[in-house]
Structure formats: structure tokens, C-alpha cells
Amino acid sequence: MAKYNDAKCRLCRREGTKLLLKGDRCFTDKCAFDRRPYAPGQHGRARKKLSDYAVQLREKQKVRRVYGVLEKQFHGYFVHADMAKGVTGANLLAFLERRLDNVVYRLGFANSRTQARQLVRHGVFTLNGHKVTIPSLQVKVGDSVEVPEKSRTIPVLAEAQEAVARRGCPSWLEVDAPNFKGIVKALPQRDDIQFPINEHLIVELYSK
């Protein structure tokens, strides 16, 4: 499987915004985007006027990188979103939000989606009482995500729970931090996603 192994901070600089790929580090003075808020490379400081296509492409790349999804899988989410009832852009974001690794991150069991993905792959969580190792699983209303007793001593879990108090938990999820458990109360709505995303640009890009 393909994997991005370069510096994650380069992605934030390329997209011109913080993608929060390193969790709490992104809010400290160590953040590379704060130090160098321009695109990477020798021509990164140059001001360029973007075409309509380039603006749409950058928006798609931004969202793809925020959720850590590769192009083929991202396009698959768009196809399903386009076929589903409702607004295509909102459907697309809902599919991304319902990924198990994103839910783990939203519940405060990981500092970043990358860390959440790694923890899921290592079998740290159970879904409805069953061990799962697939980060892309789509959760449903009523699903329960839990950390088994034997895994609750992992240091990163305690660190992440301290961070969720600052980050906040979305209204469609309910977290029981003392018992390392989270419940999916409802499906995510567009208003639940506070990160600045112009999903209509992605729809326009794929609709050409």
C-alpha cells in the first residue's frame, strides 16, 4: 500500500493552512507552518495566481490530506457520495467523518488521525465488542468504540484524552472518558465539521 513518508509539515505549507497532522504540536511554537508560512521549495515564496482548476485541485488535496486518504480511495468516497441521497459535498464529508480512525481521533483516543490509524491497525480498539484493525470501517448509529482493559495503560491514550478537553468532542459522538468508551449517537452533519472546507470545489473538480 502506498504511504506518504516525507515531512508532514510540508503538506500544511503546501496547502497554505494548518492540517493538524501532528496533533498538539501544531499549536506550539515548534509548528513549521507558523515558522515558514509559505509553500515548500525554492519558489515557495513566489506569489502565483491560481487558475480555477488549481483552486479546485488544492481544495481536494487539502481534504484528502486532512483525513489521510489516498486518491483512489478518496475518489471512491466521492462516487458513493454522488450516488447517495442528499447533497454530494456534504455526503462526501460525512463518509470521511464516519471512518473508524477519524472517530477514534474525534473521541479523544489519539492526538492525530495518523496516530489513530496506527492504533486501530494494531488492534487497540473494539467495535461493538469485536476487535477491529481496519481504519476505513464506516461506523453506524449506535456503534460502540471501546479500548479493552488490557490496552488502557498505553501512554498515548492518556495524553490524547487530555487534549480532547481542549479540542472538544462533536455532538454526533458521546465519549465516556473514564471507561475509555465512545458511542455514535447520530450521523455527522455538515455543521459538525468546523474545519474550513469548500466541498463544492471538490464536486466541481470531479464533475468535469
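For the structure itself, look to the data block above.
Residues numbered from 1 in each chain as written. Predicted model: local features only at pLDDT ≥ 70, side-chain atom pairs only at ≥ 80, totals over all residues. Heavy atoms only, no water.

**Regarding the packing of aromatic side chains**
- In the structure shown here, the tally under the stated rule is three aromatic pairs.
- Ring plane angle 35° and centroid distance 6.3 Å describe the contact between Phe74 and Tyr206, whose orientation is recorded as tilted. Remark: Tyr206 occurs in helix α9 (residues 199-206) and Phe74 occurs in helix α4 (residues 71-83); sequence separation between them is 132 residues.
- By relative accessible area, Phe74 is classed as buried at 0%. (Phe/Tyr/Trp six-rings, centres within 6.5 Å; stacked < 30°, edge-to-face > 60°. Helix = DSSP H or I, 4+ residues; strand = E, 2+ residues; numbered from the N terminus. Buried < 20%, exposed > 50% of the residue type's maximum accessible area, 1.4 Å probe, protein only.)

**Describing the environment of Asp143**
- Mapped onto the elements, Asp143 comes out in the loop between β2 (130-131) and β3 (144-146).
- Asp143 sits in the buried class, given a relative accessible area of 5%.
- Along the chain, Asp143 and Lys185 lie 42 residues apart, while their C-alpha atoms are 8.1 Å from each other.
- In this structure the side chain of Asp143 is engaged in a polar contact, spanning 3.0 Å, whose partner is the side chain of Asn128. (Polar contact = N/O pair within 3.5 Å; in protein donor to acceptor, adjacent residues only side chain to side chain.)

**A short note on unusual backbone geometry**
- Of note, Asn128 is a non-glycine position whose phi angle comes to about 55°, a positive value.
- Relative to the helices and strands, Asn128 resides in the loop between β1 (126-127) and β2.
- Of the residues examined, Asn128 reaches a relative accessible area of 39% and is grouped as partly exposed.
- For Phe180, which is not glycine, the phi dihedral falls at a positive 50°.
- Counting through the fold element by element, Phe180 comes out in the loop between β4 (173-176) and β5 (181-184).

**Comments concerning the side chain of Asn102**
- With respect to the secondary-structure elements, Asn102 resides in helix α6 (residues 100-107).
- Engagement of the side chain of Asn102 in a polar contact is seen with the side chain of Arg113, the distance being 2.8 Å.

**A few points about the side chain of Lys62**
- With respect to the secondary-structure elements, Lys62 resides in helix α3 (residues 52-67).
- Judged by its relative accessible area of 10%, Lys62 falls in the buried class.
- Engagement of the side chain of Lys62 in a polar contact is seen with the backbone oxygen of Pro196, the distance being 2.8 Å.

**Comments concerning the sheet that holds β4**
- Strand order in this open sheet of five strands is β2-β1-β3-β5-β4, and the pairing throughout is antiparallel. The open sheet has two edge strands, β2 and β4, and neither has a second partner.
- Relative to β5, β4 runs antiparallel, the two sharing four bridges. By the bridge assignment, Val175 is partnered in β5 with Gly182.
- Contacts from α6 reach β3, β4 and β5 within the one sheet, and its direction differs from that of β4 by about 55°. (Pairing = 2+ DSSP bridges. Contact = heavy atoms within 4.5 Å. Axes fitted to C-alpha atoms, helices over the stretch in contact; angles between N-to-C directions.)

**Thoughts on α9**
- If you check which residues of α9 are buried, you get Glu199, Leu201, Ile202, Leu205 and Tyr206. Taken around the axis of α9, the buried residues stretch over an arc of 155°, which confines them to a single face. (Arc of directions from axis to C-beta.)

**Details of the pairing of β5**
- With burial as the criterion, only one face of β5 is covered, namely that bearing Gly182 and Val184; the residues Lys181 and Ile183 on the opposite face remain uncovered.
- In the sheet, β3 pairs with β5 via three bridges, with the strands oriented antiparallel. For Val145, the partnering residue across the bridge sits in β5 and is Gly182.
- Between β4 and β5, which pair antiparallel one after the other, the connecting turn spans four residues, and Phe180 there sits at a positive phi close to 50°.

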